[in-house]
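Analysis of the macromolecular model
So the chains spell out like this:
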2 protein chains.
Amino acid sequence: MEKKLFAFLEKYMPLEKEEKQAITDLDLFRNYKKGTVILREGHIARENYFVISGCIRTYYIIDGEEKTTAFFTEFESVLTNSIRKDKPAEYNLACVENTVLVVSNPSIEKLTFEKFPRFEKLCRIFSEQLLAKNQASFDSFRTNTPEQRYIELLEKRPDLVQRVPQYQLASYLGIKPESLSRIRKRLQEQVQQVVK
Amino acid sequence: MEKKLFAFLEKYMPLEKEEKQAITDLDLFRNYKKGTVILREGHIARENYFVISGCIRTYYIIDGEEKTTAFFTEFESVLTNSIRKDKPAEYNLACVENTVLVVSNPSIEKLTFEKFPRFEKLCRIFSEQLLAKNQASFDSFRTNTPEQRYIELLEKRPDLVQRVPQYQLASYLGIKPESLSRIRKRLQEQVQQVVK
DNA sequence: CGCTTTACTTAACATAAGTCAACCAAAAGC
DNA sequence: GCTTTTGGTTGACTTATGTTAAGTAAAGCG
């Protein structure tokens, strides 16, 4: 598992032995079973997560209905402690599958940044990139129709369509499950037309 | 103008005199006239911006149609150089009004971070917060209908509705200008019903 | 000042998504 | 193994947005 974390970090900068050792010593890896709620709405979010394996999602309960707004799979990060300190979360965080996470918190990060200042630069660059990705996704969501969003999802994250229940994908696409069902049917029919 | 920048930065940490002087010496302020295109699709984005006054927007040209996806006004930041180096931008950046910006680039930032390492921490925290805000907005966009989005815009950024053309607001809300027109009409009629 | 362009509105119609309800299949629980 | 629950599909109908086109008012420009 640590191999995966180091492999990810070393895409940004090579690590010294003692840096790796320090990270290992922190013992940050956690196992969660499918369905586990990691963060519950109304609680204070203090941790950041990095997905080693599995899948987690953020969701809201709005008028009694569950609305899934994000999925995080292998090598993706979830920053939760950064909105405003001590402001309760408006969303939930739960495991779609059995999941292995790297879990950090502000005090761990503070100590690590003090000991290895260049990790702070790494995290700055990293969060800037996350922001850029997020903005690009948002732009795409704004400018596309639900059907286009689904097609794009099939292209960019085909694994999600396989591993995630469709009612969660539907709200992720900003629509109702019935509509997603119809979109899939429409697309299938179009493919069959072309095959003929 | 520098007062505004310092006031903003000092919400995060008090600045030393020499830090302020160093920033002043960098001479980062730029004036742009309404309509000026700051970054054009296909060009390499290398700069980051901070809005002192005025308003800028990002937009795409898709099938010959302009799609506005973001607005930035006083005290907001636009990070452009962070997706991947040397990858041409897919969007345009232009001034909705006469605008004053703080303009930085990677080499300025590199020098500044070397001279004042705590600026790197500031920027890390800052971009983490931007990310959190962006994610929250995205979640809200996913879970709301166009009408709800417009109502939320009226509440959270009432200035935008005044200073930005409606056809730009429409694509920002993920709809066509005609639909925004109808939403406004519907809401007006509802208000009149209540007043009676 | 008059003309052109642009932004916005409105209407009629087409299309896609929302709603409600029924149904089915697979999975989960007992 | 049977029952219950959950996830997914389908159909009929409602509602909202997209499309196309026309019209208007204001802004911009020569």
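Right above here is the structure, for reference.
1. Quick notes on the sheet that holds strand β6 (residues 77-79) of chain A
Note: strands within a sheet are paired through backbone hydrogen bonds, in either parallel or antiparallel orientation. Residue and element names in this part refer to chain A. The four strands are arranged β1-β8-β3-β6 in an open sheet whose pairing can be described as antiparallel. Every other strand in the sheet has two partners, leaving β1 (29-32) and β6 as the edge strands with one partner each. Ignoring strand direction, the axes of neighbouring strands in this sheet form an average angle of 30°.

2. Observations regarding the protein's contact with DNA strand D
Around DNA strand D, the structure places 17 residues, and the nearest of them are Gln166 and Ser181 of chain A together with Glu178, Ser179 and Arg182 of chain B. Among the atoms of DNA strand D close to the protein, meaning within 4 Å, 62% are from sugar or phosphate groups. Taking Gln166 of chain A, its main chain carries an N or O atom lying 2.8 Å from a phosphate oxygen of DNA strand D. Between DNA strand D and Arg182 of chain B, the relevant distance is 2.9 Å, taken from a base nitrogen to a side-chain nitrogen or oxygen of the residue. If you list the elements that add at least two residues to the surface near DNA strand D, you get α7 (166-172) and α8 (177-195) of chain A together with α8 (177-195) of chain B. In terms of residue class, the surface near DNA strand D is made up of five nonpolar, four polar and eight charged.

3. Considering the packing of aromatic side chains
Residue and element names in this part refer to chain A. As enumerated under the stated definition, the model contains 22 aromatic pairs over all chains in all. Cluster of aromatic residues (ring-pair linked, three or more members): Phe8, Tyr12, Phe50, Phe75 and Phe126. Across the ring face of Tyr59, the terminal group of Arg57 is positioned such that the distance to the ring centre comes to 4.2 Å. Here the basic side chain of Arg142 rests over the ring of Phe138, its NZ or CZ set 4.0 Å away from the ring centre.

4. Structural notes on the relation of the copies chain A and chain B
Two chain copies, one operation linking them: a rotation about an axis together with a shift along it. Its rotation angle being 180°, the transformation that places chain A on chain B also includes 0.0 Å of axial translation and leaves an RMSD of 0.0 Å. Here the two chains are linked by the operation of a two-fold rotation axis. Residues of chain A ranked by C-alpha distance from the rotation axis are headed by Arg124 of chain A, positioned 2.1 Å from it. In this assembly the copies share their binding face: 97% of the residues contributing to the interface of chain A also contribute to that of chain B.

5. Focus on the interface of chain A and chain B
Each partner contributes residues to the interface: chain A has 31 residues there, and chain B has 30 residues. Across the chain A/chain B interface, buried area totals approximately 3300 Å², and carbon plus sulfur atoms make up 57% of it. Between the two partners, chain A and chain B, sit four salt bridges. Among the salt bridges present, the one from Glu120 of chain A reaches Arg124 of chain B, with a minimum N-O distance of 2.5 Å.

6. Brief notes about the protein's contact with DNA strand C
Around DNA strand C, a shell composed of 18 residues is seen, among which Ser179 and Arg182 of chain A together with Gln166, Tyr167 and Ser181 of chain B lie nearest. Backbone atoms, meaning sugar and phosphate, make up 69% of the atoms of DNA strand C lying within 4 Å of the protein. Within the backbone of Lys176 of chain A, one N or O atom sits 3.2 Å away from a phosphate oxygen of DNA strand C. Between DNA strand C and Gln166 of chain B, the relevant distance is 2.8 Å, taken from a phosphate oxygen to a main-chain nitrogen or oxygen of the residue. A class-by-class count of the residues in the surface near DNA strand C yields five nonpolar, four polar and nine charged.

7. Overview of unusual backbone geometry
Glycine aside, negative phi is the norm for most residues, and most peptide bonds take the trans geometry. Residues and elements named next belong to chain A. Positive phi values are uncommon outside glycine, yet Asp63 reaches one of about 50°. Tracing the chain through its elements places Asp63 in the loop between β4 (55-62) and β5 (65-73). Even without glycine at this site, Phe75 takes up a positive phi of about 70°. Relative to the helices and strands, Phe75 resides in the loop between β5 and β6. According to the relative accessible area criterion, Phe75 is partly exposed, its value standing at 35%.

8. Focus on the packing of helix α1 (residues 2-9) of chain B against helix α2 (residues 17-26) of chain B
Residues and elements named next belong to chain B. Where α1 meets α2, the axes come as close as 12 Å, and the angle between the chain directions of the two elements is 135°. One finds that α1 runs oblique with respect to α2. As for the relative orientation of α1 and α2, their crossing is right-handed in sense. Contacts between α1 and α2 pair Glu2, Leu5, Phe6 and Leu9 from the former with Lys20, Ile23 and Thr24 from the latter. Residue composition of the contact of α1 with α2, by class: four nonpolar, one polar and two charged.

About the thresholds
Residues numbered from 1 in each chain as written. Chains lettered and ligands numbered in written order. Predicted model: local features only at pLDDT ≥ 70, side-chain atom pairs only at ≥ 80, totals over all residues. Heavy atoms only, no water. Pairing = 2+ DSSP bridges. Helix = DSSP H or I, 4+ residues; strand = E, 2+ residues; numbered from the N terminus. Axes fitted to C-alpha atoms, helices over the stretch in contact; angles between N-to-C directions. Near = heavy atom within 4 Å. Polar contact = N/O pair within 3.5 Å; in protein donor to acceptor, adjacent residues only side chain to side chain. Nonpolar A, V, L, I, M, F, W, Y, C, P; charged D, E, K, R; others polar. Phe/Tyr/Trp six-rings, centres within 6.5 Å; stacked < 30°, edge-to-face > 60°. Lys NZ or Arg CZ within 6 Å of the ring centre and 35° of its normal. Least-squares fit on C-alpha atoms with pLDDT ≥ 70 in both. Contact = heavy atoms within 4.5 Å. Buried area = accessible area lost by both parts, 1.4 Å probe. Salt bridge = Lys/Arg side-chain N within 4 Å of Asp/Glu carboxyl O. Buried < 20%, exposed > 50% of the residue type's maximum accessible area, 1.4 Å probe, protein only. Parallel < 35°, antiparallel > 145°, perpendicular 65-115°, else oblique. Left-handed = near helix turned anticlockwise from the far one by under 90°.

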